[in-house]
Amino acid sequence: MPPAHSTRPAIAFAVAAFGIGTFSLMDAAMKDLALAIGAYNAVLWRNGLGSLLTGVLFLGTRQRIPMLAVLKLQLWRSFIVALMADSFIWSLTVLPLAAALGLSFIAPVIALYLAAVLLGETIGREAIIASIAGLGGVAIILVGKFSGDYSDESLWGAAAVLFSAVVFAYNLILARQQAQQAGPIEIAFFQNLFTAAILALAAPWFFSMDATGEIPMIAAAAGLAIISLLLLSWAYARAEAQVLIPVEYTAFVWAALCGWAFFDEPVTLTTMAGTALIVGGSLVAARAKPKLVEHTEITTA
């Protein structure tokens, strides 16, 4: 593998773009699974299979067992990921892919304020501008979504996305701490393993064996998630965050295409306008803290 500094930014950008596209396909697969077997079972089965696949990678590449302090961080982040993933995947069952993803882009803006609270960082002008733009975009999407006929589930779906965005913002801070202590294969393996173990605690109440009929789609979702995580980890190791962050917003285009192709979901003007404002706010956030805001959309891998 070539050293990080020898890789051209354009190559890293292309790899990141492919990783984003792969992740968007995974979101579509997870929506299909959640509609069929429920969000809990979709996330549990995918992480369970994901832990087996990444376990093979972990053992095959002879990774070292991390120290106890690193394992504790892995476990805590996996708990956060479990909350984030279940809430976001459930929202996909009641909201269009594009609308859910557009709302999720508010996470980096929230991360600026969490960094101020948890890390003692100063809230600067960029954070204020980002928050105004982001909240304006969220308002536009919500007004467009709920100005006409809508179901209570849609309202709860929007609330679930915003909750997952708050959790994901905290996850961004944990991800920075974790990336400094562990490699991508180690992170992928223990995150899948610990997330599956945490979710399994609720199995007596929510687990369904009906998911066995969805094994091919579960395998596809797990494989896509792993490929995306490895591609993005490779790209971010070889190019600055400020170079790669803009490509993350192509996820909205991918989500709109997947929603239209697989679920016959239209993309409204209010969703596009609101997402544009949120993206603008997130780009301001990324400019303020490029190392903190490395991933802009909620990642459930």
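Located above this text is the structure these notes cover.
A brief report on the enclosed structure follows. (Residues numbered from 1 in each chain as written. Predicted model: local features only at pLDDT ≥ 70, side-chain atom pairs only at ≥ 80, totals over all residues. Heavy atoms only, no water.)

It is worth spelling out the overall build of the chain at this point. Secondary structure assignment for the chain yields 13 helices and zero strands. Mapped in sequence order, the helices and strands of the chain form the string α-α-α-α-α-α-α-α-α-α-α-α-α. Out of the 301 residues belonging to the chain, those deemed buried represent 51%. Long-range pairs, those at least 24 residues apart, make up 90% of the contacts in the chain between residues at least 6 apart in sequence. Carbon and sulfur atoms make up 69% of the accessible area of the chain, which totals about 13,600 Å². (Helix = DSSP H or I, 4+ residues; strand = E, 2+ residues; numbered from the N terminus. Buried < 20%, exposed > 50% of the residue type's maximum accessible area, 1.4 Å probe, protein only. Contact = heavy atoms within 4.5 Å. Areas by Shrake-Rupley, 256 points an atom, 1.4 Å probe, with all protein chains shown as cover.)

The next point concerns the packing of helix H1 (residues 9-37) against helix H12 (residues 250-263). Remark: H1 packs on H12, axes separated minimally by 9 Å, with the N-to-C direction vectors making an angle of 40°. As far as their axial angle goes, H12 and H1 are oblique. For the pair H1 and H12, the crossing hand works out as right-handed. For the pair formed by H1 and H12, the contact residues are Ala-17, Ile-20, Gly-21, Ser-24, Leu-25, Ala-28, Lys-31, Asp-32 and Leu-35 on the first element and Thr-250, Ala-251, Trp-254, Ala-255, Cys-258, Phe-262 and Phe-263 on the second. Classifying every residue of the contact of H1 with H12 by side-chain character gives eleven nonpolar, three polar and two charged. (Axes fitted to C-alpha atoms, helices over the stretch in contact; angles between N-to-C directions. Parallel < 35°, antiparallel > 145°, perpendicular 65-115°, else oblique. Left-handed = near helix turned anticlockwise from the far one by under 90°. Nonpolar A, V, L, I, M, F, W, Y, C, P; charged D, E, K, R; others polar.)

This brings us to a nonpolar patch on the surface. Residues Trp-76, Phe-79, Leu-83 and Phe-163 make up a contiguous nonpolar surface patch of about 370 Å² in total accessible area. With three residues, helix H3 (residues 68-92) is the largest single contributor of residues to the nonpolar patch. Note on placement: Leu-83 falls in helix H3. The class for Leu-83 is partly exposed, based on a relative accessible area of 36%. (Patch = residues over 30% accessible without salt bridge, like charges linked within 9 Å, V, L, I, M, F, W, Y side chains within 5 Å. Salt bridge = Lys/Arg side-chain N within 4 Å of Asp/Glu carboxyl O.)

Another point: empty space enclosed by the protein. Here the structure, examined in full by the defined rule, presents one cavity of 30 Å³ or more. Roughly 50 Å³ of volume is contained in the largest cavity. If you trace the largest cavity, you find it lined by Ser-24, Asp-27, Phe-88, Leu-92, Leu-97, Ala-100, Leu-101 and Ala-255. Element by element, the count of residues in the lining of the largest cavity is highest for helix H4 (residues 97-104), at three residues. Among the residues making up the lining of the largest cavity, the classes are represented as six nonpolar, one polar and one charged. (1 Å grid on protein atoms, 1.4 Å probe; cavity = no way out; pocket = protein on both sides within 12 Å on 5 of 7 lines; lining within 4 Å. Points joined across faces, edges and corners; volume = space filled by probe spheres on them.)

In this section: the nonpolar core. Counting residues in each nonpolar core, the largest one holds 73 residues, and the members touching the most others are Met-30, Leu-33, Ile-89, Phe-105 and Leu-244. Looking at which element gives the most residues to this core, the answer is H1, with twelve residues. Within the second largest apolar cluster, five residues are counted, among which are Phe-58, Phe-189, Phe-190 and Phe-194. (Core = buried A, V, L, I, M, F, W, Y, C linked by side-chain atoms within 4.5 Å.)

Let's shift gears to the layout of surface pockets. Here the second largest pocket defines a volume of roughly 170 Å³. The wall of the second largest pocket is formed by Tyr-40, Phe-79, Ala-82, Leu-83, Asp-86, Ser-87, Ile-198, Leu-199, Ala-202 and Phe-206. Elements represented by at least two residues in the lining of the second largest pocket include exactly H3 and helix H8 (184-200). At five residues, H3 tops the list of elements feeding residues into the lining of the second largest pocket. Looking at side-chain class alone, the lining of the second largest pocket contains eight nonpolar, one polar and one charged residues.

Turning to the packing of aromatic side chains, a few remarks are in order. Counted by the stated rule, this structure contains eight aromatic pairs. Ring centres of Trp-76 and Tyr-170 lie 6.4 Å apart, and the angle between their planes is 70°; on these two criteria the pair is classed as edge-to-face. Taken together, the residues span a long stretch of sequence, with Trp-76 in helix H3 and Tyr-170 in helix H7 (residues 152-179) at a distance of 94 residues. Overall, the relative accessible area of 39% leaves Trp-76 in the partly exposed class. (Phe/Tyr/Trp six-rings, centres within 6.5 Å; stacked < 30°, edge-to-face > 60°.)

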